Amino acid sequence: MTRVEATDAARRLLDLLAEGASGERLAQVAVEGRDLPPAERPGLVEAVEVALRIHRTLREHRRREAELTALFDTARDLSKLRDLDEVLQSIVRRARQLLAADLSYLSLNDERAGTTYMRVTDGSVSSLLPRLRIGHGEGLGGLVAQTAHPYASADYLSDPRFDHTPAIDEAVAAEHMVGILGVPLSLGGTVIGVLFAADRARREFPASEVALLSSLADHAAIAIDNAQLLAETRRANETITGHNEEMRRGEDAHDRLMELVLRGGDLVELTAEVAAVLNGGIVLLDDAGGELARVGRDPVRLPGSAVASSRSSGRAVRSDEEWVCAVVAGPELLGCLVLGGRPSLGEADRRLFERAAVVAALLLLLRRSVAAAEDEVRGELLADLLTAPHRNPAALLARGRRLGIDLTTPHAVLVAASDGVPRRRLAAACARHAALVGLHADQVVLLVDGSPALAAGLAGELTAAVGAPVTVGGSGPASGPAAVAAAAEEAARCVRTLLALGRPGTGALAGRPRVRRAVGRGPDRPRRVRALGPGAGPRLRRAPGYRPGPHAARLLRLRRQPHPGQGRAARPREHRRPAARADLGPARRGLAEPGAGAGGPDRPAPAPAPGTR
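These remarks concern the structure in this document. (Residues numbered from 1 in each chain as written. Predicted model: local features only at pLDDT ≥ 70, side-chain atom pairs only at ≥ 80, totals over all residues. Heavy atoms only, no water.)

Let's talk about the packing of helix H12 (residues 423-430) against helix H13 (residues 455-466)
Two elements in contact, H12 and H13, have axes whose closest approach is 10 Å; the angle formed by their N-to-C orientations is 125 degrees. Classified by the angle between their axes, H12 and H13 sit oblique to one another. Note on packing geometry: the crossing formed by H12 with H13 is right-handed. Here H12 contributes Arg425, Leu426, Ala429 and Cys430 to the contact with H13, which in turn contributes Leu462, Ala465 and Val466. Along the lines of polarity and charge, the residues of the contact of H12 with H13 split into 6 nonpolar, no polar and 1 charged. (Axes fitted to C-alpha atoms, helices over the stretch in contact; angles between N-to-C directions. Helix = DSSP H or I, 4+ residues; strand = E, 2+ residues; numbered from the N terminus. Parallel < 35°, antiparallel > 145°, perpendicular 65-115°, else oblique. Left-handed = near helix turned anticlockwise from the far one by under 90°. Contact = heavy atoms within 4.5 Å. Nonpolar A, V, L, I, M, F, W, Y, C, P; charged D, E, K, R; others polar.)

See the structure below:
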């Protein structure tokens, strides 16, 4: 071996340090200096020891530099991530790389349950570890989560410092873990989880590795918190966006409904609009369950209990697979809306459905107001027709044309009466059968485009509609104001005839044989005729098909016979008056009682005319 001087040896050590040589090459310099004089050997040994300390310091610095670089890279990578799962996966992967461990895993705390559960793993080979949930204080991880201090074990399963549980030990054995290091994930004074690194062989974790994993855990906790805050912000933005969209839809639907009302849309258009907005089938019912409009579904019955619940709560309610909303105006129930095809209804759509019920109430009230105004105008026209037909016929005809009624064409005139039903309700029931309906003299008068013979059928329909007997008399057809007024009087007398004969709830046509047969014959006939009103007898005699009874025939023959001495043209006074007043008693009608004359009890009665009994 070549002899070297001490100074040359020192220079050699410095060159090796500058080159980054290993400790073995530095120790080799001491071996090569064995040939130095004994006085120079201690100096060389001392120089080699200093060089080895410098080498170890440089190596530690390089390790720390690598760790810091890895931490900086980790922090930079974590700051770029937005998804929480990606952040957690990056943390455990970096922990495994920094400590050169066999596996790494991370748990998050559940404060309500008092546990920490596995959230993500890297290097795991069993299914037990990802499903593991550890109570606070149990095992190594539970102790870290409870105390917020790092813990390490070179051989966990044989370490008596920890509270071993079957679930934890089974998961550790399934992964063949031996050495385990756990550090807390802390935000301020709150532990949010635990970061682990483990080897499948016995391993002592020096303080430097504990510090390194703790530094990574600090960065990881901040990244987890940022990711969670970002996720919450994203959810809040989605919620706000959804609410804004719902508000926009609600405003758009409100504008469309208001436009429908302002342009005079009807209930069918409203139902179609709501069905399109809510993407379901809609049925609008009135307060009695009658269908007013229907779009996109089959007919339904009135859901009474659901309507009552909606009316009391003021909100739409769910009934089986349907949604029901009461249509109200103040305390009055006008009907209900029934929505099908939507088992679930969001808050925005529910409010939209309720708003549609408000618009439906508005349309129903408008329709009621229009109908009331139109009925009033029509009623005024009918009242003028019946009370003063000769006052201004041209004006009456013009008013009728404005209402779409041509009074110059033939119309049947009907009169309906019922003791147990308010007149306005009866008029409302008659409205769909007539061109013109009004109230006159406690009765409902109808002008119908058709034959008056429908009185009988109409009586049955109205009786069923109002739930009480309705008597209907018919007359006409009549053209012009005067004829209409006269026909109305005839129809009213026909109604009185039916009521006097004890036949309420039926209908008949004035002057028809049916009325004459109802009046009948016999001793009670005069009373029944008087009940029909003035002039009923002549009207019945003038009716087609009239055949007088025996008593009436005798009176008619007496009226046609001449008085003795006056020729055929003259008729005795006592025979004329009974024909006109057949309903009066003998003393008032001038007919002599047996044994009394026409001029008094002392005068003999005139001899009967030839051919009479």
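Quick word on the sheet that holds strand S16 (residues 507-509)
Spatially, S13-S14-S12-S15-S16 is the arrangement adopted by the 5 strands of the open sheet, whose pairing is mixed. Only two strands of the sheet have a single partner each, and these edge strands are strand S13 (436-440) and S16. Put simply, the sheet's adjacent strands are angled 20 degrees from each other on average, direction ignored. Where strand S12 (residues 411-417) and strand S15 (residues 471-478) come together, 6 bridges link them in antiparallel fashion. Bridging from a neighbouring strand, Leu414 pairs with Gly474 of S15. Packing of H13 onto the sheet brings it into contact with S12, strand S14 (443-448), S15 and S16, and relative to S15 it is tilted by some 145 degrees. In the packing of helix H14 (residues 481-500) onto the sheet, contacts are made with S12, S14, S15 and S16, and the angle to S15 comes to roughly 155 degrees. (Pairing = 2+ DSSP bridges.)

Regarding the sheet that holds strand S7 (residues 281-286)
Consider a sheet: its strands pair through backbone hydrogen bonds, and that pairing is either parallel or antiparallel. One open sheet holds the 5 strands; their spatial order is S8-S7-S11-S10-S9, and the pairing between them is antiparallel. Whereas interior strands pair on both sides, the edge strands pair on one side only; in this sheet they are strand S8 (291-295) and strand S9 (317-319). Direction aside, the axes of adjacent strands within the sheet are offset by 25 degrees on average. Pairing between S9 and strand S10 (residues 322-329): 3 bridges, direction antiparallel. When the bridges of S10 are listed, Ser319 appears paired with Glu322. Contacting S7, S8 and strand S11 (332-340), helix H8 (residues 267-278) runs over the sheet at an angle of about 35 degrees to S8.

Here's the deal with helix H9 (residues 304-313)
When H9 is considered as a whole, its buried residues turn out to be Ala306, Val307 and Ser310. Projected down its long axis, H9 carries its buried residues within an arc of 100 degrees, all on one side. In H9, those exposed residues whose orientation departs by more than 90 degrees from the buried face are Ser305 and Ser312. Buried-residue contacts for H9 involve S9, S10 and S11. Immediately downstream of H9, the backbone of Gly314 shows phi near 75 degrees, a positive value. (Buried < 20%, exposed > 50% of the residue type's maximum accessible area, 1.4 Å probe, protein only. Arc of directions from axis to C-beta.)

Some points on the pattern of salt bridges
Scanning the model with the defined rule gives 21 salt bridges in all. Note that Asp159 and Arg161 form a salt bridge whose closest N and O atoms lie 2.9 Å from each other. Arg161 gets classed as exposed once you look at its relative accessible area, which sits at 52%. Close ionic contact of Arg351 with Glu347 constitutes a salt bridge, the shortest N to O distance being 3.1 Å. In this pair, Arg351 and Glu347 are both assigned in helix H10 (residues 347-387), 4 residues apart and thus about one turn of the helix distant. Judged by its relative accessible area of 47%, Arg351 falls in the partly exposed class. Salt bridges sharing partners connect three or more residues here, namely Arg315, Glu347, Arg350, Arg351 and Glu354. (Salt bridge = Lys/Arg side-chain N within 4 Å of Asp/Glu carboxyl O.)

Brief notes about the side chain of Ser104
One can find Ser104 in strand S1 (residues 103-110). For Ser104, a relative accessible area of 1% translates into the label buried. A polar contact is formed between the side chain of Ser104 and the backbone oxygen of Val92, at a distance of 3.5 Å. What Ser104 contacts, discounting residues up to four positions off in sequence, is Val92, Ala95, Arg96, Thr121, Asp122, Leu195, Phe196 and Ala197. (Polar contact = N/O pair within 3.5 Å; in protein donor to acceptor, adjacent residues only side chain to side chain.)

Describing the environment of Leu414
When you line up the elements, Leu414 lands in strand S12. Overall, Leu414 belongs to the buried group, its relative accessible area being 0%. Along the backbone, Leu414 and Ala492 are 78 residues apart, and their C-alpha atoms lie at a distance of 8.1 Å.

So yeah, pure geometry; function would need other evidence.
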